Amino acid sequence: MESLGVLLLHPMNAYLEQELDRRFRLIRLWDSPPDARADFLRSNAAAIRAVVGNAGYNADSALIDALPALEIVASFSVGIDRVDLAKCRERGIRVTNTPDVLTDDVADLAVGLAIAALRKIPQADRYVRAGLWKAKGDYTLTTRFSGKRVAILGLGRIGLAVAKRAEAFDCSISYHSRSQKPFPNYRFFTNVVDLAANCDVLIVACSLNAETHHIVSREVIHALGPEGVLINIGRGAHVDEPELVSALFEKRLGAAGLDVFEHEPFPPEQLIGLDNVVLVPHVGSDTEETCKAMADLVLQNLEAHALNKPLLTPFSGKRVGIIGLGRIGLAIATRVEAFDCPVNYYQRTKKEYPNYTYYPSVVELAANSDVLVVACPLNEQTRHIVNREVIDALGPKGVLINIGRGPHVDEPELVSALVEGRLGGAGLDVFEDEPNVPEALFTLDNVVLVPHVGSGTHETRQAMADLVLGNLEAHVLKKPLLTPVV
Amino acid sequence: MASAITASTAPPSGAKHSVLLLRRANDYLAAALRARYHVLSFYDSGEPLPAFLAASAAAEPEPPRAALVVGGGAIRVDTAFLDAAPYLRCVVTTSAGLDHVDLAECACRGVLVAGAGEVFSTDVADHAVGLLIDVLRKVSAADRYVRRGLWPVQGQGDYPLGSKLGGKRVGIIGLGNIGSSIARRLKAFGCVIQYHSRRPKDTVSFKYFPDVTSLATESDVLIVACALNAQTQHIVNMEVLEALGEDGVVVNIARGGNIDEAALIRALKGGEIAGAGLDVFEKEPEVPTDFFSMDNVVLTAHEAVFTTESRSDLCDLMIGNLEAFFDGKPLLTHVLPK
């Protein structure tokens with residue numbers, strides 16, 4: 001794998017750098033002086049097939065243009081807002097990130113910052129170190145963290161992990177995200193201002209993209225108010241920073257705990273002197289354990305790419321959720337993996353598939369997938385396993401593929417969801433009452449309908465017929481059946 | 001409200017019951033007491049304690065049958081105190097710790113004692129978790145780093161890595177209300193909870209250790225959450241710290257006296273343990289300056305209970321206990337000798 005030239009954009013982790021050097025051909029971007037960068041890239045362009053970036057330095061448009069041989073961007077981060085995804089898609093460049101391994105650390109820090117901000121722990125520590133406890137007496141009263149109303153912007157992996165922790169402190173949980181999630185105990189708000197107006201602590205945990213840029217606006221900060229607390233473990237650009245600074249300075253916002261800033265490593269000067277803010281230097285995933293796990297993911301993704309194996313944590317493809325990971329489900333998984341689709345699944349019992357993400361319910365599977373595929377057997381438990389709740393969780397951008405049995409899906413619900421635009425689209429091979437197909441589907445532009453042809457190839461029908469004949473013969477000749485159903 | 005006191009114990013109608021106040025602060029709680037009771041304040045009297053107690057026997061309309069005391073201060077409710085105030089039938093204390101009250105002596109004399117119950121558990125537990133995350137993830141140290149303008153100088157990714165909370169074996173010393181509240185919170189972060197207390201608790205599934213050294217040997221974090229008494233004085237000593245080991249972290253939200261402070265300083269200086277989060281010290285408000293140069297300790301000013309919510313809850317509880325006593329009803333947070 002020494003032929004895989006990897007461009008590392010910035011020093012980010014000693015272990016990662018050392019292993020990249022050992023396993024691949026490592027080129028360090030900072031080996032060239034900043035003003036000679038263009039020449040440096042030009043002279044190395046033919047060799048560079050991979051780029052490793054992080055939250056601060058990643059494969060933007062200019063860099064991608066300068067690297068004609070680039071095949072893969074493996075980011076040492078979960079957020080890839082600084083990767084030009086559109087350009088990668090255009091050029092067929094694969095993208096991987098480091099989800100899951102850092103979820104706990106980032107969620108831990110979010111709660112740690114909330115407690116630190118409300119209970120003013122760093123401020124008290126400063127007070128004690130300055131000898132003021134002895135000179136001036138007790139430190140000020142603060143306010144309790146437990147029981148506060150916690151609002152989370154973005155209920156993905158990190159948001160959910162924050163919620164689970166906050167619940168242990170008897171905090172009530174509310175959230176805003178693109179679509180409602182299957183958590184009836186968490187109150188959903190369709191807009192961020194209302195979310196902020198109805199909470200005590202607002203935690204930013206969504207990904208950064210065009211829609212979420214400055215999602216914490218002046219209006220939101222105003223709604224949070226003089227008793228409110230903002231915790232940002234997302235990206236600096238989630239927040240209108242100048243507005244935040246003046247609100248904190250003028251005490252129109254109670255307090256903040258910030259891990260990220262619009263122009264790292266430069267936090268706004270005015271924050272440095274304030275007593276109602278806790279500032280840390282983008283350390284959300286910075287523990288020994290997690291950085292090693294992230295580095296290993298980067299290395300394993302690069303190795304998989306070099307050896308033509310499925311990527312472990314591809315970001316590029318649509319997320320495919322498979323109901324039932326039996327023979328057919330697994331065959332689907334291995335095919336979509338080749339398209340860099342992350343694979344999620346649900347089935348009665350969780351099995352050990354290191355690259356596939358298990359969800360304990362179909363609703364949660366649907367909420368976390370772009371394409372939902374039905375591939376389980378039909379029985380009492382799986383009848384209408386795709387019901388209204390599942391369809392809603394899949395949502396207006398989601399697609400349902402049914403190659404199981406018609407009765408797996410609540411067909412009237414499916415039809416009305418498609419007609420009303422509550423579900424993005426569907427590809428259906430099976431129906432509840434074949435050969436009758438609901439007429440309402442015929443005029444729709446977002447469905448593909450085929451007449452139960454899943455196994456309809458010459459080769460397969462021949463093989464199936466041979467099996468039927470073989471089983472009958474075995475029965476007549478009192479030999480073991482070929483494919484008994486247990 | 002209608003009360004159930006018998007005529008012989010009720011003051012003349014319209015008059016307030018007398019209450020001894022042995023608490024320096026003139027605040028929220030003091031004002032609430034004065035609104036309801038005829039308050040005899042020791043710190044306002046300017047007299048020495050024996051004289052004050054003797055003089056209170058002559059209070060009108062009746063001698064104070066209840067006293068409100070604080071913990072951690074100079075005043076101990078012991079034999080001498082009770083001898084000097086034989087009219088007292090009830091002692092109400094504002095602190096969670098009861099090391100300043102001789103419970104056996106009170107029980108002997110039929111003096112009822114009411115403690116602070118669980119009023120502080122929530123805030124103390126929150127503070128303990130906050131301190132632990134701060135030490136492991138270097139929150140206060142990182143905040144100092146940013147404020148000193150070091151981030152641009154030392155660049156991205158250069159701040160020393162912290163240690164992950166999830167999966168850490170957390171040994172809690174004392175699994176009472178506070179210890180249990182801490183356990184419940186840390187479980188949600190993926191910590192493995194284990195404990196030491198005088199006796200194992202069969203209501204919990206956490207692993208029990210019969211002594212603190214064996215707990216420390218198998219823990220990554222030690223959290224001190226027990227009462228201070230003769231048996232728990234310096235319960236965390238050098239032997240325990242060595243058993244905890246060089247990656248270990250100690251959090252103390254109990255009493256300074258629970259830890260051998262000099263040993264702790266030596267252990268930190270020598271790298272025998274990785275860090276500490278301390279809300280309490282042996283000689284408050286004196287904090288050994290040795291700590292001030294350490295980046296791996298977090299120091300707070302015995303404030304784990306100092307929230308507006310606790311202050312308000314405590315006030316309600318103290319008044320509630322006094323009212324229950326004067327009404328002849330069971331105390332809200334009656335404490336019996338163990």
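Check the entry above for the structure.
Residues numbered from 1 in each chain as written. Chains lettered and ligands numbered in written order. Predicted model: local features only at pLDDT ≥ 70, side-chain atom pairs only at ≥ 80, totals over all residues. Heavy atoms only, no water.

1. Observations concerning the pattern of salt bridges
Working step 1: Summed over the entire model, instances satisfying the criterion amount to 46 salt bridges over all chains.
Working step 2: Note that A:Arg144 is salt-bridged to B:Asp313, the shortest N-O span being 3.3 Å. Remark: B:Asp313 occurs in helix H13 (residues 308-326) and A:Arg144 occurs in the loop between helix H7 (132-136) and strand E6 (149-153); the pair is interchain, linking two chains.
Working step 3: Look at B:Asp313 and you get partly exposed, because its relative accessible area is 29%. (Salt bridge = Lys/Arg side-chain N within 4 Å of Asp/Glu carboxyl O. Helix = DSSP H or I, 4+ residues; strand = E, 2+ residues; numbered from the N terminus. Buried < 20%, exposed > 50% of the residue type's maximum accessible area, 1.4 Å probe, protein only.)

2. Here we look at helix H2 (residues 37-44) of chain A
All names here are of chain A.
Working step 1: Every buried residue of H2 is listed here: Phe40, Leu41 and Asn44. All buried residues of H2 lie within an arc of 95 degrees about the axis, which places them on one face of the element. Across from the buried face of H2, at angles greater than 90 degrees, the exposed residues are Arg42 and Ser43.
Working step 2: On the buried face of H2, the contacting elements are strand E1 (5-8), strand E2 (25-28), strand E3 (48-53) and helix H3 (61-66). (Arc of directions from axis to C-beta. Contact = heavy atoms within 4.5 Å.)

3. Brief notes about the nonpolar core
Working step 1: Counting 152 residues, the largest nonpolar core has A:Leu20, A:Val52, A:Leu202, A:Leu230, A:Leu302, B:Ile182 and B:Leu186 as its most contacted members.
Working step 2: Ranked by the residues each element gives to this core, the list is headed by helix H5 (residues 103-119) of chain A, at eleven residues.
Working step 3: Every residue in contact with A:Leu20, bar those within four places of it in the chain, is listed here: A:Val6, A:Leu8, A:Arg25, A:Leu26, A:Val52, A:Leu299 and A:Leu302.
Working step 4: Of all hydrophobic cores here, the second largest spans 37 residues; its members include A:Tyr139, B:Ile173, B:Val212 and B:Cys226. (Core = buried A, V, L, I, M, F, W, Y, C linked by side-chain atoms within 4.5 Å.)

4. A few points about the packing of helix H6 (residues 121-129) of chain A against helix H7 (residues 139-147) of chain B
Working step 1: Between H6(A) and H7(B), the least distance of the axes is 9 Å, while the angle of their chain directions is 75 degrees. In terms of orientation, H6(A) and H7(B) fall into the roughly perpendicular class. Side by side, H6(A) and H7(B) meet where A:Ile121, A:Pro122, A:Asp125, A:Arg126 and A:Arg129 of the first sit next to B:Val139, B:Ser140, B:Asp143, B:Arg144 and B:Arg147 of the second. (Axes fitted to C-alpha atoms, helices over the stretch in contact; angles between N-to-C directions. Parallel < 35°, antiparallel > 145°, perpendicular 65-115°, else oblique.)

5. As for the interface of chain B and chain A
In many analyses, interface size is given as the accessible surface area lost on bringing the parts together.
Working step 1: Across the boundary between the two partners, chain B contributes 59 residues, which contact 63 residues of chain A.
Working step 2: Between chain B and chain A, a total of about 5300 Å² is buried, with carbon and sulfur atoms accounting for 59% of that surface.
Working step 3: Between the two partners, chain B and chain A, sit ten salt bridges.
Working step 4: The partner of B:Glu286 in a salt bridge is A:Lys134, and the shortest N-O contact between them spans 3.7 Å.
Working step 5: Between chain B and chain A we count 32 residue pairs in polar contact (both at pLDDT 80 or more) in total.
Working step 6: Looking at the side of chain B that touches chain A, the elements with two or more residues in it are helix H6 (121-137), H7, helix H8 (150-154), helix H9 (177-187), strand E12 (297-299) and H13 of chain B.
Working step 7: In terms of residues, the side of chain B that touches chain A owes the most to one element, H6(B), which gives ten residues.
Working step 8: Looking at the side of chain B that touches chain A, its residues break down into 28 nonpolar, 14 polar and 17 charged. (Buried area = accessible area lost by both parts, 1.4 Å probe. Polar contact = N/O pair within 3.5 Å; in protein donor to acceptor, adjacent residues only side chain to side chain. Nonpolar A, V, L, I, M, F, W, Y, C, P; charged D, E, K, R; others polar.)

6. Focus: the sheet that holds strand E4 (residues 72-75) of chain A
Residue and element names in this part refer to chain A.
Working step 1: Taken in spatial order, the five strands line up as E2-E1-E3-E4-E5 in an open sheet, and their pairing is parallel. Every interior strand has two partners, whereas the edge strands, E2 and strand E5 (94-96), have only one. Each neighbouring strand pair of the sheet contributes to a mean axis angle of 20 degrees, computed without reference to strand direction.
Working step 2: The sheet contact formed by E1 and E2 spans four bridges and is parallel. Looking at E2, one finds that Gly5 is bridged to Arg25. (Pairing = 2+ DSSP bridges.)

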